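# Structural characterization, general
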Amino acid sequence: MPAPTQRAVSDPPARRTWLAAGLATALALLLGGCSIRGLAINALADSLAKSGDVFASDEDPELVREATPFALKTIEALLAEKPSHRGLLLSACRGFAGYAYAFVELDALELEEVDYEAAERQTERALKLYLRARDYCVRSLAEIDPGIRRRLQVEPEAAVAGLGEEEVPLLFWTAAAWGSALGLALDRPDLTVDLPAVEALIERAAALDESYGDGAVHEALMSLAALPPAMGGSPERARHHFERAVELSGGRSASPYVGFAVKVSIQQQDREEFQRLLETALAVDPDAEPANRLQNILSQRRARWLLERVDELFL
């Protein structure tokens, strides 16, 4: 007598049922391929959207310099598949803005002494990267309010009024990327006309959570206040935001000291303050705040470079 399993398979009705089940499974896999692929893309997108801290805590700037472009292009490839993924949009904004500042804009400064034309090319590249970053952040904002790009340009305060505390990172990085672009293009009215939008974004972030980024919001406000008086700047207001940024960071961030030295101390030709601030920045222990390690290392690199040129910067 055949084994029960053999009889079940050899029996025509049972065989048809088995084949139908197999075909149905195969068909489901084929038809669901897009869904499976979508799940994989979503999982990778979610993972990449949360990976920024890995770079921020690294102690090797050159390793991060070399790794970042691939990471950014991977994010852009995923955005081609998931154009509305807000986590990826914010990561792209943060990534391009951070890369532009840490490696492209600072390279341009260091090139000025040896190759002015190369420095100009790097500055133009940094500007384009900042604008690219801004556009990713604005795309994320547009997921909340489709008309926000236009509203930021015509009624900026009203445009951001409805954004809540959960949007503080997006507010901050949109302002940081956009403001950094304006800082490189103060001679371009087509870009500086958007200054009120940048101010509205960062002021809304400050109103919702002034401690975001351990003082990063006040550091951004300091940069805006350090603009020329004709553009609404005020050294006194810049100093207030600098002091608040230092307070909120607990003195563990070198960035505010370097930023104020460059933007205000040079402007006021206060050499003693300039040197003191940069020496304070160099005294910060990068390992004391692991999440801010890379930024501290890069800020200290800039502080050393500036101190070597103090005689050129002050009369």
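Scoring rules and cut-offs
- Residues numbered from 1 in each chain as written.
- Predicted model: local features only at pLDDT ≥ 70, side-chain atom pairs only at ≥ 80, totals over all residues.
- Heavy atoms only, no water.
- Helix = DSSP H or I, 4+ residues; strand = E, 2+ residues; numbered from the N terminus.
- Buried < 20%, exposed > 50% of the residue type's maximum accessible area, 1.4 Å probe, protein only.
- Contact = heavy atoms within 4.5 Å.
- Areas by Shrake-Rupley, 256 points an atom, 1.4 Å probe, with all protein chains shown as cover.
- Core = buried A, V, L, I, M, F, W, Y, C linked by side-chain atoms within 4.5 Å.
- Axes fitted to C-alpha atoms, helices over the stretch in contact; angles between N-to-C directions.
- Left-handed = near helix turned anticlockwise from the far one by under 90°.
- Nonpolar A, V, L, I, M, F, W, Y, C, P; charged D, E, K, R; others polar.
- Disulfide = S-S within 2.5 Å.

Moving on, we come to the overall build of the protein chain. When helices and strands are counted, the protein chain shows 18 helices and 0 strands. Considering the protein chain as a whole, with its 315 residues, one finds that 43% of them fall into the buried category. By sequence separation, contacts in the protein chain at least 24 residues apart represent 67% of the contacts at least 6 residues apart. Accessible surface, the protein chain as shown: approximately 16,400 Å² in total, 57% of it carbon and sulfur.

What follows concerns the environment of F260. Within the fold, F260 resides in helix α15 (residues 255-265). For F260, a relative accessible area of 0% gives the class buried. Leave out the neighbours within four places in its chain, and F260 touches M222, A238, R239, F242, S265, E273 and L277.

Here the focus is the nonpolar core. Among the nonpolar cores identified, the biggest contains 60 residues, and L152, W173, W178, L201 and I202 are the most heavily contacted of them. Residue contributions to this core peak at 12 residues, all from helix α6 (residues 86-111). If we ignore the near neighbours within four places in the chain, the residues touching W173 are L90, C93, R94, A97, C137 and Y212. Listed in part, the 23 residues of the second largest apolar core include A225, Y257, V258 and L306.

We now examine the packing of helix α5 (residues 61-81) against α6. Geometry of a packed helix pair, given as the angle between the helix axes and the separation of the axes. One way to put it is that α5 packs onto α6 with a least axis distance of 10 Å and a crossing angle of 145 degrees. Crossing hand, α5 versus α6: left-handed. Residues P61, V64, R65, T68, P69, L72, I75, E76, L78 and L79 of α5 pack against L88, L89, S91, A92, G95, F96, Y99, F103 and D107 of α6. Each residue belonging to the contact of α5 with α6 can be placed in one class, and the counts come to 13 nonpolar, 3 polar and 3 charged.

What is meant by a disulfide is a covalent connection between two cysteines, made through their sulfur atoms. Across all of its chains, the model carries 1 disulfide by this definition. Put simply, C93 and C137 are joined by a disulfide, and their sulfur atoms are 2.2 Å apart. The sign of the S-S torsion, about -100 degrees, decides the handedness of the disulfide formed by C93 and C137: left-handed. Of the two residues, C93 is situated in helix α6 and C137 in helix α7 (residues 116-144); the sequence distance between them amounts to 44 residues. By the burial criterion, C93 is buried, and C137 matches it.

Here we take up unusual backbone geometry. Leaving glycine aside, a negative phi is the common case for residues, and trans is the common case for peptide bonds. Here the phi dihedral of D214 falls at roughly 50 degrees; this positive angle occurs in a residue that is not glycine. Summarising the element assignment, D214 is placed in the loop between α12 (195-209) and α13 (216-225). You can call D214 partly exposed: its relative accessible area is 42%. Phi at Q269 is positive, roughly 55 degrees, even though this residue is not glycine. Mapped onto the elements of the fold, Q269 is located in the loop between α15 and α16 (271-283). Among the residues examined, Q269 registers a relative accessible area of 35% and is labelled partly exposed.

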